[in-house]
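One-letter residues, chain by chain:
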Amino acid sequence: MNRFSAFLLGGALLLACRSEEGSVQYLADAEVPSSGPGFWLALEEATSAVGEPGHRVDLIENGRVFDVMVEEIKKAQSSVNIVAYIWRPSHPSDRLIEALAERTRAGVTCRVIADKIGSTKFEEEVKPRLEQIGCGVKVFNKPGDGERDFSSRNHRKLLIVDGKVGVTGGFGVWKSWEGNGLSEEEWRDEHARVTGGPAVRAMQLAFTENWLEAGGKLLPPAAYPEPEPDPSGTAKATFVASSSEAGVTYGERMSQVLFSAAHKRLWISNSYFVPSDALVMKLERKAQEGVDVRVLAPGPIHDIKPIRDAQRGTYKKLLAAGVRIYEYQPSMMHAKTILVDDAVIAVGSNNLDPYSMEKLEEGSLVVEDPAVAARLAQVFQQDLTHAKEIHPGDPESHSPWYSFLRKAIWWVVD
C-alpha cells in the first residue's frame, strides 16, 4: 500500500459512518424526456446551456484525433485556440506545433492554454517553441497567479478553429493518445468534432473564460462569427462548460439530467468512475425500472491505481440493482461518454469522480442525433469485446477496502 492509499484509507475509516443522505439529490425524482424539446429544456434549466440545430458532429476514436486536429489547424484562416490539461514534449506536440507554425506564418492568431500540473516540461520545452512561432501561451493557475485554489485545475480539452469548428474529448497532447487503444501504451479514448451552429461559440466562450483567468485579454469580435448551420448538419447540440463553484456544478447537473433522461438504455464509458451518491442512486433506480444500464470503466491498466480501486466501491450496490459493469482490459480506458436511449449522447472531458465534479474546469458536447448515437453505440459494443464483465460475487465487487477508499476520496476533495 503506498502513502496515498494509506492516507485515503485513514480518511475513509474516520468517515465510514458518513451518511449518504447528505448527498445532493438535485434531480432525484425528475422525469426527463429522452430527446426533443423537453430534454433540451431540462438541460437548459439545469446548466443554462441551450441546444440548437444545424450542427454536424463526427466521432473520433483514439489517436486519429491528432490527424483531425492537424487537418483543421491547416484550414485556419483567422484563429486557432487550444486548451489542454496535458501538453508534454512528444510526437503529437511536434505535429501540432508544425501545423501551427505554418498558419502563424500566414497571419493566423494562435493561442494555447496548458495546465500547470498536467503539462510536465511544458514551460521548459514546449512553451518557448510555441512563442517562437508566434503563439500566445498561458499556463493555467500557476502558484501566485490569483485567488483561485491551486487544486482547481483546467481539465478541459478544446480546439477551436476560426470560431467555426470545435474538437473536444479526452485527449492530451502526449504519446499515450497515439495508436488504437489496444495496447498498454496506447490509451482508449473518444472525441468529437463539431461544425456549424452555436455549440462552437459556446466552446470558444469556455476557452475565453480560461484565457482571461490565465491573464490573457478579451478575444476580438472576429473570434465569434455569426453561427452558420452546416449544410450537412443533422444534429442539435450544445457545449456544457463546468467550473468549480459552491453547490452543484454544471458537470454534476448535466450528468443528472442525462441519467434522468434514460428510458431504454444508459451506456456510460468513464475513466475515473467514482460517482457521487446522488448519481449512484440514480443509476440504481434506472436499472430497477428496467433501463439497460451499462458502465465501462478501466481495468488492470490504470494511471492512478487507488482510483481504480475506489471505482469498485460502487460495484456491489450497482450490480445488485441490475447495472452491468465492465472493465476494459488492453489499455487505460480514458473515454468520457454517455449514450441515452437512441438519440442523445455526451462526449467531453467530464469524469464522474469528485475532483472532476467539484474542482476542475470541464466541458462536454451534448448532442441529439440518431445517427451519431448509433455510431457511439457501435463503438461502445466494440469496446465491450475487449472488456471483462464483472458479476456479483467476483473479487472486484465486494472488498471493504474499495468502499472505504471511495469514501476517503470524496472526503479529501470535499
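Everything below is about the structure shown above.
All of these numbers come straight from a predicted model, not from anything done at the bench.

A. Seen up close, the overall build of the chain. Across its full length, the chain holds 13 helices and 15 strands. The C-alpha radius of gyration of the chain comes to 20 Å, within 12% of the 22 Å expected for a compact globule of 414 residues. For the C-alpha atoms alone, the extent of the chain along its principal axes is close to 60 × 50 × 40 Å. Across the chain, the fraction of contacts at a sequence separation of at least 24, relative to all contacts at a separation of at least 6, is 82%. Approximately 16,100 Å² of the chain is accessible, and the part contributed by carbon and sulfur atoms is 52%. Computed over 47 positive and 57 negative side-chain charges, the inter-centroid distance for the chain is 3 Å.

B. Geometry of the nonpolar core. Trp 87, Leu 100, Phe 122 and Leu 130 are the most contacted members of the largest nonpolar core, which totals 47 residues. Considering each element in turn, this core owes the most residues, six residues, to helix H3 (residues 64-74). When near neighbours in sequence (up to four residues on either side) are disregarded, Leu 130 contacts Trp 87, Ile 97, Leu 100, Val 112, Phe 122, Cys 135 and Val 137.

C. Spotlight on the pairing of strand E5 (residues 158-161). Side chains of E5 alternate between two faces, with Leu 158 and Ile 160 and Leu 159 and Val 161 buried alike. Pairing of strand E2 (residues 79-84) with E5 involves four bridges; the strand directions are antiparallel. Residue pairing for E5: Val 80 is matched across the bridge by Val 161. Pairing between E5 and strand E6 (residues 165-169): four bridges, direction antiparallel. Residue Leu 159 lies in a different strand from E6, and its bridge partner there is Val 167. Counted along the chain from E5 to the antiparallel partner E6, the turn is three residues long, and its residue Asp 162 has a positive phi close to 60°.

D. Spatial organisation of the packing of helix H4 (residues 91-105) against helix H5 (residues 122-132). The contact between H4 and H5 brings their axes to 10 Å, and the two run at 15°. With respect to their mutual orientation, H4 and H5 come out roughly parallel. Of the two elements, H4 crosses H5, and the hand of that crossing is right-handed. Facing Ser 93, Asp 94, Ile 97 and Leu 100 of H4, the residues of H5 in contact are Val 126, Arg 129 and Leu 130.

E. Expanded view of the pattern of salt bridges. In total, this model carries 26 salt bridges according to the counting rule given. With its nearest N and O atoms 3.0 Å apart, the salt bridge here joins Glu 61 to Arg 375. With Glu 61 in strand E1 (residues 52-61) and Arg 375 in helix H12 (residues 370-384), this pair connects stretches of sequence that are 314 residues apart. Of the residues examined, Arg 375 reaches a relative accessible area of 37% and is grouped as partly exposed. Between Arg 406 and Asp 277 there is a salt bridge; the shortest N-O distance is 2.9 Å.

F. How the structure looks around the pairing of E2. Across the six residues of E2, six count as buried, placing the element largely inside the fold. Residues of E2 alternate between two faces, with Ser 79, Asn 81 and Val 83 on one and Val 80, Ile 82 and Ala 84 on the opposite face, all of them buried. Pairing analysis gives six bridges linking E2 to strand E3 (residues 109-115), with the strands arranged parallel. Residue Ala 84 lies in a different strand from E3, and its bridge partner there is Ala 114. As for the winding sense of the linkage, the β-α-β connection from E2 through H4 to E3 is right-handed.

G. The arrangement of the environment of Met 281 in detail. Among the secondary structure elements, Met 281 is positioned in helix H8 (residues 277-288). The sequence separation of Met 281 and Lys 359 amounts to 78 residues, and the corresponding C-alpha distance is 22 Å.

H. Seen up close, H3. Buried within H3 we find Val 65, Phe 66, Val 68, Met 69, Val 70, Glu 72 and Ile 73. The inward-facing, buried residues of H3 contact E1, E2, H4, E5, E6 and strand E7 (190-195).

I. A look at the packing of aromatic side chains. Using the criterion set out here, one finds five aromatic pairs in the structure. Centroid distance Phe 39 to Trp 40: 5.1 Å. Interplanar angle 80°. Geometry classified as edge-to-face. Residue class for Phe 39 comes out buried when judged on its relative accessible area of 0%. The ring of Trp 211 carries Lys 138 above its face, with NZ or CZ at 5.9 Å from the centroid. Sitting over the face of the ring of Trp 267, Arg 265 holds its NZ or CZ atom 4.7 Å from the ring centroid.

J. Local environment of the packing of H3 against H4. Direction vectors running N to C along H3 and H4 enclose 10°, while the axes themselves pass 9 Å from each other. Taken as axis vectors, H3 and H4 run roughly parallel relative to one another. Note on element contacts: H4 touches H3 through Pro 92, Arg 95, Leu 96, Ala 99, Leu 100 and Arg 103, opposite Phe 66, Asp 67, Met 69, Val 70, Ile 73 and Lys 74. Partitioning the contact of H3 with H4 into residue classes produces eight nonpolar, no polar and four charged.

K. Expanded view of the side chain of Thr 195. With respect to the helices and strands, the residue Thr 195 is situated in strand E7. Given a relative accessible area of 15%, Thr 195 falls into the buried group. Beyond its immediate stretch of four places on either side in the chain, Thr 195 contacts Gly 54, His 55, Arg 56, Lys 164, Val 165, Val 200 and Asp 230.

Thresholds applied
- Residues numbered from 1 in each chain as written.
- Predicted model: local features only at pLDDT ≥ 70, side-chain atom pairs only at ≥ 80, totals over all residues.
- Heavy atoms only, no water.
- Helix = DSSP H or I, 4+ residues; strand = E, 2+ residues; numbered from the N terminus.
- Rg over C-alpha atoms; globule rule 2.2 N^0.38 Å.
- Contact = heavy atoms within 4.5 Å.
- Areas by Shrake-Rupley, 256 points an atom, 1.4 Å probe, with all protein chains shown as cover.
- Lys, Arg positive; Asp, Glu negative; His and termini not counted.
- Charge placed at Lys NZ, Arg CZ, Asp CG, Glu CD.
- Core = buried A, V, L, I, M, F, W, Y, C linked by side-chain atoms within 4.5 Å.
- Buried < 20%, exposed > 50% of the residue type's maximum accessible area, 1.4 Å probe, protein only.
- Pairing = 2+ DSSP bridges.
- Axes fitted to C-alpha atoms, helices over the stretch in contact; angles between N-to-C directions.
- Parallel < 35°, antiparallel > 145°, perpendicular 65-115°, else oblique.
- Left-handed = near helix turned anticlockwise from the far one by under 90°.
- Salt bridge = Lys/Arg side-chain N within 4 Å of Asp/Glu carboxyl O.
- Right-handed = clockwise from strand over helix to strand, strands pointing away.
- Phe/Tyr/Trp six-rings, centres within 6.5 Å; stacked < 30°, edge-to-face > 60°.
- Lys NZ or Arg CZ within 6 Å of the ring centre and 35° of its normal.
- Nonpolar A, V, L, I, M, F, W, Y, C, P; charged D, E, K, R; others polar.

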